Amino acid sequence: MGNQEQKSYFWPIFIIVLAALTAGIWKLAPIVYSWIPQSAIESIRDSANRNLRRTTETPSSAVVSQTPDTTDLQPTVTVEPCTPSSAAWGVLRRVTTVKALEGRRTLGTVMGGRFFLIARRTGIDGESVFVGNFTPHAMDEVVYVPEDAVFCFTGSPDDLTDNQRANLRPYFELEGEIAKIFNKYMRETAERSPYAKEAAEALKKLRHLQKTAQPRTFNTDDERRTAFYEISSLKLKVQELNLRHKEWKEQHAAELPDPEKDPAVLELRKRQQALRDSILPLLGR
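The structure presented is a predicted model; accordingly, all values stated were derived computationally and were not measured.

Caption draft 1: Representation of the overall build of the chain in the model. Looking only at helices and strands, one finds six helices and seven strands in the chain. In sequence order, the secondary structure elements of the chain are arranged as α-α-β-β-β-β-β-β-β-α-α-α-α. Every one of the 285 residues in the chain was classed for burial, and the buried ones make up 27%. By sequence separation, contacts in the chain at least 24 residues apart represent 65% of the contacts at least 6 residues apart. Here the chain has roughly 19900 Å² of accessible surface; of this, 55% comes from carbon and sulfur atoms.

Caption draft 2: Local environment of the state of the cysteines. Applying the stated rule across the entire model yields zero disulfides. This cysteine, C82, is not joined by any disulfide, and C152 carries the nearest cysteine sulfur, 5.4 Å off. Given the relative accessible area of 22%, C82 is considered partly exposed.

Caption draft 3: Expanded view of the layout of surface pockets. One number sums up the size of the largest pocket: a volume of about 1500 Å³. Lining the largest pocket are 45 residues, and of these R94, D148, M186, L203 and R207 lie nearest its centre. Mapped onto the lining of the largest pocket, the elements with two or more residues apiece are β2 (96-100), β5 (127-135), β6 (143-146), α3 (162-192), α4 (196-212) and α5 (221-251). Among the elements that line the lining of the largest pocket, the one with the most residues is α4, at 10 residues. Here the lining of the largest pocket is built from residues that sort into 20 nonpolar, 11 polar and 14 charged.

Caption draft 4: Main features of the packing of aromatic side chains. Counting across every chain of the model gives six aromatic pairs. Between F151 and F172, the aromatic rings sit 5.2 Å apart at their centres with planes inclined by 50 degrees, giving tilted as the arrangement. Taken together, the positions of F151 in strand β7 (residues 150-153) and F172 in helix α3 put the pair 21 residues apart, joining distant regions of the chain. Assigned by exposure class, F151 and F172 land together as buried.

Caption draft 5: Molecular detail of the pairing of β6. Across two bridges, the pairing between β2 and β6 is antiparallel. Across the sheet, the residue bridging to K99 is Y144, located in β6. Pairing analysis gives four bridges linking β5 to β6, with the strands arranged antiparallel. In the strand pairing of β6, F130 is matched with V145.

Caption draft 6: Region of the structure containing the environment of N163. As for its placement among the helices and strands, N163 is situated in helix α3. Take N163: its relative accessible area is 52%, and that puts it in the exposed class. Sequence separation between N163 and I279 is 116 residues; the distance between their C-alpha atoms is 8.1 Å.

Caption draft 7: Local environment of the nonpolar core. Within the largest apolar cluster, 20 residues are counted, with the highest numbers of intra-cluster contacts made by W89, V91, F153, L160, L168, F172 and L282. A total of seven residues in this core trace back to one element, the largest contributor, which is α3. Judged by nonpolar contacts, the second largest core, of 12 residues, contains L92, V110, F130 and F134.

Caption draft 8: Fine view of the packing of α3 against helix α6 (residues 263-283). Between α3 and α6, the shortest axis-to-axis distance is 8 Å and the interhelical angle comes to 145 degrees. The chirality of how α3 crosses α6 is left-handed. Looking at the contact of α3 with α6 residue by residue, the class counts come to 15 nonpolar, five polar and five charged.

Caption draft 9: Local environment of the confidence of the model for the chain. Mean pLDDT over the chain: 77, with 69% of residues reaching 70 or higher. Helix α2 (residues 38-65) is the least confidently modelled element of the chain, averaging 46 in pLDDT, while β7 averages 94, the highest of any element. Counting interchain partners and residues more than four positions distant, the pLDDT-below-50 stretch residues 51-76 has zero contacts.

Caption draft 10: Examining the pattern of salt bridges more closely. Evaluated as defined, the whole model comprises 11 salt bridges. Of the charged contacts, one joins E198 and K237 as a salt bridge, the two residues approaching to 3.8 Å between their closest N and O atoms. One end of the pair, E198, is in helix α4; the other, K237, is in helix α5, and 39 residues separate them in sequence. On the basis of relative accessible area, E198 is assigned to the partly exposed category, the value being 37%.

Criteria and thresholds
- Residues numbered from 1 in each chain as written.
- Predicted model: local features only at pLDDT ≥ 70, side-chain atom pairs only at ≥ 80, totals over all residues.
- Heavy atoms only, no water.
- Helix = DSSP H or I, 4+ residues; strand = E, 2+ residues; numbered from the N terminus.
- Buried < 20%, exposed > 50% of the residue type's maximum accessible area, 1.4 Å probe, protein only.
- Contact = heavy atoms within 4.5 Å.
- Areas by Shrake-Rupley, 256 points an atom, 1.4 Å probe, with all protein chains shown as cover.
- Disulfide = S-S within 2.5 Å.
- 1 Å grid on protein atoms, 1.4 Å probe; cavity = no way out; pocket = protein on both sides within 12 Å on 5 of 7 lines; lining within 4 Å.
- Points joined across faces, edges and corners; volume = space filled by probe spheres on them.
- Nonpolar A, V, L, I, M, F, W, Y, C, P; charged D, E, K, R; others polar.
- Phe/Tyr/Trp six-rings, centres within 6.5 Å; stacked < 30°, edge-to-face > 60°.
- Pairing = 2+ DSSP bridges.
- Core = buried A, V, L, I, M, F, W, Y, C linked by side-chain atoms within 4.5 Å.
- Axes fitted to C-alpha atoms, helices over the stretch in contact; angles between N-to-C directions.
- Left-handed = near helix turned anticlockwise from the far one by under 90°.
- pLDDT = per-residue confidence, 0-100.
- Salt bridge = Lys/Arg side-chain N within 4 Å of Asp/Glu carboxyl O.

Structure follows, in structure tokens:
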């Protein structure tokens, strides 16, 4: 009987004690919270936030990790055709006479297709030229080549793919062979033109004057003005004669041979076409 009475009082007493403890905790919590350093509270809160983010981001992160990152495998295209003013290097379009920068000695001729690293752009003897080196180096010293002999690029030859590097040079070697045939036709046309010979002579005289008419060579202002007046007059004469020669060619086009129909040119174009696919973006065409 006594044990049954004890059991009957157990649950009411247990509930009363639990309620009293809960009320005490709620009452004491603010006091205890004030004793805890603020830095410890912030540390606990940050740790909880990190765990929460890790838990919520795990599914999407797992999905992403299944897809390989190929960003580093994509080639970075830095080589593009450009104007001479922004060129870093180029390829010779044709067989080109190369001169030394010091002394302006003729060093020889270089085949089309050679890579030329451009150091700067300038004017020499009235002609726009590039100054730099060939690569691989064909000559030890810095040289200059005519600007119009270079197909210009940005970037560096080192940025080319293996296929581009393998095909770019032979493509322009063929371009140089085509240019030689075109030059032969141009000489034949010039012999028939009533203006070409006079234009060539005027151009030769103009370049000589531009080379020699330096400020230090004049004794008086009158000499300087006379020289520069002659240079200006020759420039206008060359332009006028070239225009007349061009008009004459258009008027006699049916009588003049077309180099594009030359069998040798057709064969060279065919060989070029086989190289074009890998270098087409570089040609800007």
